[in-house]
Amino acid sequence: MRLPCPLCGDRDRREFYYQGAAVTLNRPAPEADADAWDAYLHLRDNPAGETRDLWYHEAGCGAWIMVTRNTLTHEVLGAELIEGVPA
Amino acid sequence: MARLIETSPCAGLLPRTIGAVDLSEVEPAQITLIAPFKGQQAAVSDALDAALGLTFPAPNRATGQGARAVWSGAGQALLIGSACPALPGAACIDQSDAWAIVRIEGADAARVLARLTPLDLRPEVFQQDHTARSVLGQMPVSLTRVGRHAYEVMVMRSMARTLVQELTRAAQGVADRIEPSI
Ligand SMILES: [Zn+2]
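Summarised in this report is the structure supplied together with it. Being a predicted model, the structure only gives us computed values, none of them experimental. (Residues numbered from 1 in each chain as written. Chains lettered and ligands numbered in written order. Predicted model: local features only at pLDDT ≥ 70, side-chain atom pairs only at ≥ 80, totals over all residues. Heavy atoms only, no water.)

Before going further, it helps to examine the coordination of the zinc ion. All names here are of chain A. For the zinc ion, every protein donor is listed as Cys5 (SG), Cys8 (SG), His57 (ND1) and Cys61 (SG), and the spread of their distances is 2.0 to 2.5 Å. In this structure, the zinc ion is surrounded by four donor atoms whose angles at the metal cover 104 to 114°, and the resulting shape is tetrahedral. Here the donor residues of the zinc ion are spaced in sequence according to C-x2-C-x48-H-x3-C. Using a relative accessible area of 11% as the deciding quantity, one classes Cys8 as buried. (Donors = N, O, S within 2.8 Å, 3.2 Å for Na, K, Ca; no water. Tetrahedral: all angles 85-135°; square planar, octahedral: opposite > 155°, others 65-115°. Buried < 20%, exposed > 50% of the residue type's maximum accessible area, 1.4 Å probe, protein only.)

Before going further, it helps to examine helix α3 (residues 160–175) of chain B. Taking 1.5 Å per residue, 16 residues should reach 22 Å; α3(B) reaches 22 Å between its end C-alpha atoms and fits that length. Among the residues of α3(B), those classed as buried are B:Ala160, B:Leu163, B:Val164, B:Leu167, B:Thr168, B:Ala170, B:Ala171 and B:Val174. (Helix = DSSP H or I, 4+ residues; strand = E, 2+ residues; numbered from the N terminus. Expected span 1.5 Å × (residues − 1).)

The interface is formed by 11 residues belonging to chain A together with 11 residues belonging to chain B. Of the roughly 920 Å² buried where chain A meets chain B, counting both sides, 56% is carbon and sulfur surface. If you sort the residues of chain A by the area they bury against chain B, A:Leu7, A:Arg11 and A:Ala59 come out on top, with a joint share of 42%. Put simply, chain A and chain B have zero salt bridges between them. At the junction of chain A with chain B, the criterion picks out five residue pairs in polar contact (both at pLDDT 80 or more). In terms of residue class, the side of chain A that touches chain B is built from five nonpolar, one polar and five charged. (Contact = heavy atoms within 4.5 Å. Buried area = accessible area lost by both parts, 1.4 Å probe. Salt bridge = Lys/Arg side-chain N within 4 Å of Asp/Glu carboxyl O. Polar contact = N/O pair within 3.5 Å; in protein donor to acceptor, adjacent residues only side chain to side chain. Nonpolar A, V, L, I, M, F, W, Y, C, P; charged D, E, K, R; others polar.)

With that settled, the discussion passes to the sheet that holds strand β8 (residues 99–105) of chain B. Residues and elements named next belong to chain B. Spatial strand order, β1-β2-β8-β11-β10-β9: six strands in an open sheet with antiparallel pairing. Looking at strand neighbours, the two that pair on one side only are β1 (16–18) and β9 (131–136), the edges of this open sheet. Pairwise comparison of adjacent strand axes, ignoring direction, gives a mean angle of 30° for this sheet. Relative to strand β11 (residues 150–156), strand β10 (residues 139–147) is paired through five bridges, and the arrangement is antiparallel. The residue of β11 that forms the bridge with Arg145 is Tyr151. (Pairing = 2+ DSSP bridges. Axes fitted to C-alpha atoms, helices over the stretch in contact; angles between N-to-C directions.)

In short, the description is geometric, and any link to function would need to be established separately.
Below, the structure written as structure tokens:
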């Protein structure tokens, strides 16, 4: 498996650390209710199809990236730097 | 009073020749990590150019001859082989004693490295002055192509012995191959 790092280009999976679903980028407001925080911390979808997750290019450039891939076909559709993603 | 004797990271390990590759230690006078502050990269590049005649490298590239700037990750580069000029637009950290640098040179150099790293090292892809952060075996490395059949591998100093061991073993494997006769 190779991931397209926006800085480094196509790189082997072993250079990356997998963090999880990209929903963690959407942090609830501090005053959000318990349900919102419960969902943010613990509840994850298990999508069959296109999904977005966070990877850390640990042994590469050190950037966090968001990878779009398809869990049915294993196709990797693209990646972008988290730095450029509006919060 | 104790007298401390300075030794290089690969002291006692290199140089050595295995088959068609030579392994040798590179000992630059100084290594400085340069990390430009937000929006300052162009100014830092200009200051480096004025002082040393080299620019701040783009991702996956190295610049300069003699003193070199080697991209070493998102928003940072290593200045190798020169004192660091005053760069008000960047954080500059002396890392001279932090790195071990091994030069691997010879007709089989890319073949040896290909046994250890997942990088695409085909000469048309990984060209002279191309650099990459990647892994070599289990170690994070900085790998730069410095010549037609020459590369420099950088690891944290504590991993010098493992680096030499990995390169030696891989080089032996390549050297021991029996090419099938036609
Ligand atoms: Zn990268």
